[in-house]
Structure formats: structure tokens, C-alpha cells
Amino acid sequence: MPGTPTFLVTGVGSGLGKFLHNNLPSSIGLTRENTDELLSREYDNLVILHSAFNSKRDIPDYSRYVEDNYIFTQKLMTLDYEKLIYFSTVDVYSSTFGPYMFMKRCVEDYIRRADPEATILRLSAILGPDIRRNSLVRLMNEESISLHEESDFNYILQGDILESLGAAVACSGTFNFTSQGSVTLGAIAKTYNKSVGFGEYKYSSNIEQYGELINLYPHPERTSMDVVNLFLEDNND
């Protein structure tokens with residue numbers, strides 16, 4: 001790509017989008033409030049980092065759900081950009097149908113059809129300084145959680161994604177972005193000697209279903225437990 005990229009980041013209110021926006025100097029953060037203004041501008045060497053997603057579990061209005069995710073992506077892609085990177089999820093491999101995985105697949109399919117040069121990264125569970133209070137955080141605080149102790153996760157760090165942006169810009173297509181293997185919540189609780197009240201629902205990372213896609217994760221030997229350890233070392237307060 002000629003010249004210095006201009007990064008436009010969606011979903012900057014929380015999570016990965018917030019982390020990328022805060023760690024990419026001079027990046028532009030797109031929010032609900034400034035969407036119309038930013039979509040009307042022209043940019044040099046624009047790289048879109050599309051992290052925004054309405055992932056509410058309870059969906060009172062499915063038309064709004066489609067508007068927030070699918071239609072918003074269509075509008076975003078009307079910009080004159082050099083590169084689009086879409087952050088999808090490994091939950092698209094789930095055998096259990098749900099609106100989250102379905103909408104992620106819909107957006108993936110649209111992006112592949114509209115822009116074959118786009119990059120789609122299927123991310124596993126993300127850890128880092130800008131994450132919501134997920135099951136791991138509650139476990140470490142010895143709070144009761146709704147998941148079964150045999151629920152297993154594949155973990156990556158927000159910093160891993162930032163580190164890999166150059167590679168993602170340079171390639172095109174759909175890629176996995178996962179560490180080695182998975183780890184159960186029970187194993188983490190045992191390792192860190194945490195007393196936790198577990199629930200009944202068993203989540204699976206479905207790692208055996210990830211298939212033949214190339215994995216862009218920058219640390220091929222790093223395991224999910226390694227990622228957990230690194231996260232807790234950096235967030236031990």
C-alpha cells in the first residue's frame with residue numbers, strides 16, 4: 001500500500017475497537033454519533049478496521065439487529081478505501097444455530113462477495129485491557145458463573161491482533177486467528193486455586209472444527225493457557 005495508512009476503526013466504545021483506536025496513533029474512531037459525518041468524508045490510504053457488532057443476546061427488534069450489523073457494513077463499504085479488515089469469530093464454526101453466529105456468517109459472506117480483496121479474521125476469545133467482564137474475569141474474582149467447568153476456550157490477546165495488522169493488510173481472504181489448543185475454565189480455576197460456583201451450560205470453542213484455513217496468529221507455539229497467564233500477569237490488579 002503506497003503511503004501511510006489512515007486507520008478508521010469501528011466499535012471504539014469498548015473491547016477490541018477501543019483497544020485498537022487507543023493504540024493506533026492518529027486513527028479515526030467511528031461511533032453511532034459521528035457515522036454520517038465520517039462516511040461523507042474522503043480519506044487517503046484508508047484502512048478500515050471493522051470491529052463494531054451488536055452482539056446483544058436478547059434481541060427485541062431483529063430489524064434493528066440487521067441494520068446495526070449487515071446494513072451498517074454495507075454502508076461502511078461505500079467508502080473509497082484501500083483495505084477492509086473484518087473481525088469475525090470462530091463461533092461461525094458452531095454446530096448450534098444462533099443469531100450471533102448467523103449474522104457473523106451473513107456479514108462475512110457479503111464482504112467476500114462485495115470485496116474479494118478484503119481480509120476476514122476469525123478470532124477466538126479475546127483477552128486484554130479493554131474487555132468486558134467475561135467468564136475468565138469473574139472466575140479470577142471467585143464470582144459464580146453460568147458456564148460449566150468443562151467449558152473450553154481458545155484465547156488470544158488484543159495485542160496479538162494489533163501486532164498482526166501489517167500481515168492482515170498485506171493479504172486477502174478468510175483466516176483463523178487462534179492460539180494453540182483450548183483450556184477449560186475448571187483447569188484455570190485449579191491452576192490459580194480459585195473457588196468458583198460453576199453453572200450448567202457447557203460452551204465449546206469447537207477447535208476441532210476450525211478446518212484448513214491459514215492461521216494468522218503471530219505466535220504459533222503459544223497455547224491458550226499461555227495467553228491466560230500473560231493476560232493475568234499484565235492485569236494483576
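The following refers to the structure shown. (Residues numbered from 1 in each chain as written. Predicted model: local features only at pLDDT ≥ 70, side-chain atom pairs only at ≥ 80, totals over all residues. Heavy atoms only, no water.)

1. Topic: the overall build of the protein chain
Line of reasoning, step 1. Summing up its helical and strand segments, the protein chain has nine helices and 10 strands in all.
Line of reasoning, step 2. Against the compact-globule benchmark of 18 Å for 237 residues, the protein chain has a radius of gyration of 18 Å, which places it among compact chains.
Line of reasoning, step 3. Taken along the three principal axes of its C-alpha coordinates, the protein chain extends 55 × 40 × 35 Å.
Line of reasoning, step 4. Sorting the 237 residues of the protein chain into buried and exposed places 49% on the buried side.
Line of reasoning, step 5. Across the protein chain, every contact between residues at least 6 apart in sequence was considered, and the portion connecting residues at least 24 apart equals 80%.
Line of reasoning, step 6. Per element, the accessible surface of the protein chain, about 12200 Å² overall, is 47% carbon and sulfur.
Line of reasoning, step 7. Within the protein chain, the 32 negative side-chain charges are centred at a point lying 4 Å from the centre of the 20 positive side-chain charges. (Helix = DSSP H or I, 4+ residues; strand = E, 2+ residues; numbered from the N terminus. Rg over C-alpha atoms; globule rule 2.2 N^0.38 Å. Buried < 20%, exposed > 50% of the residue type's maximum accessible area, 1.4 Å probe, protein only. Contact = heavy atoms within 4.5 Å. Areas by Shrake-Rupley, 256 points an atom, 1.4 Å probe, with all protein chains shown as cover. Lys, Arg positive; Asp, Glu negative; His and termini not counted. Charge placed at Lys NZ, Arg CZ, Asp CG, Glu CD.)

2. Some details on the pairing of strand β4 (residues 83–89)
Line of reasoning, step 1. Burial runs high along β4: seven of the seven residues are buried.
Line of reasoning, step 2. Burial along β4 is two-sided: Lys83, Ile85, Phe87 and Thr89 and Leu84, Tyr86 and Ser88, pointing in opposite directions, are all buried.
Line of reasoning, step 3. Note: strand β3 (residues 46–50) against β4, four bridges, orientation parallel. Following the sheet pairing, His50 is matched in β4 by Tyr86.
Line of reasoning, step 4. Handedness of the crossover joining β3 and β4 through helix α3 (residues 62–76): right-handed. (Pairing = 2+ DSSP bridges. Right-handed = clockwise from strand over helix to strand, strands pointing away.)

3. Focus: the packing of aromatic side chains
Line of reasoning, step 1. Taken as a whole and assessed by the stated rule, the structure comprises eight aromatic pairs.
Line of reasoning, step 2. When the ring of Phe53 is compared with that of Tyr65, the centres are 6.3 Å apart and the planes differ by 85°; the resulting orientation is edge-to-face. Of the two residues, Phe53 is situated in the loop between β3 and α3 and Tyr65 in helix α3; the sequence distance between them amounts to 12 residues. Residue Phe53 shares its accessibility class with Tyr65, and that shared class is buried.
Line of reasoning, step 3. A centroid spacing of 4.7 Å and a plane angle of 25° characterise the contact between Phe153 and Tyr203, whose relative ring orientation is stacked. Note that Phe153 is positioned in strand β7 (residues 152–153) and Tyr203 in the loop between α8 (185–191) and α9 (224–234), a separation of 50 residues in sequence. Judged on exposure class, the residue Phe153 and its partner Tyr203 are both buried.
Line of reasoning, step 4. Through successive ring pairs, a cluster of aromatic residues spans Phe53, Tyr62, Tyr65 and Tyr100. (Phe/Tyr/Trp six-rings, centres within 6.5 Å; stacked < 30°, edge-to-face > 60°.)

4. Some words on the nonpolar core
Line of reasoning, step 1. In this structure, Leu20, Leu49, Phe87, Leu121, Tyr155 and Ile188 are the most contacted members of the largest nonpolar core, which totals 43 residues.
Line of reasoning, step 2. Considering every element that reaches this core, the biggest residue donor is α9, with five residues.
Line of reasoning, step 3. In contact with Ile188, other than residues within four places in its own chain, are Leu136, Leu139, Met140, Tyr155, Val183, Met225 and Val228. (Core = buried A, V, L, I, M, F, W, Y, C linked by side-chain atoms within 4.5 Å.)

5. Let's talk about the packing of α3 against helix α4 (residues 99–114)
Line of reasoning, step 1. Two elements in contact, α3 and α4, have axes separated by 9 Å at closest approach and are oriented at 25°. Overall, the two elements α3 and α4 adopt an arrangement that is roughly parallel. The two elements α3 and α4 meet at a crossing, and its hand is right-handed. Mapping the contact onto sequence places Tyr62, Tyr65, Val66, Asn69, Tyr70, Thr73 and Gln74 in α3 and Pro99, Tyr100, Met103, Cys106, Val107, Tyr110, Ile111 and Arg113 in α4.
Line of reasoning, step 2. Partitioned by chemical class, the residues of the contact of α3 with α4 number 11 nonpolar, three polar and one charged. (Axes fitted to C-alpha atoms, helices over the stretch in contact; angles between N-to-C directions. Parallel < 35°, antiparallel > 145°, perpendicular 65-115°, else oblique. Left-handed = near helix turned anticlockwise from the far one by under 90°. Nonpolar A, V, L, I, M, F, W, Y, C, P; charged D, E, K, R; others polar.)

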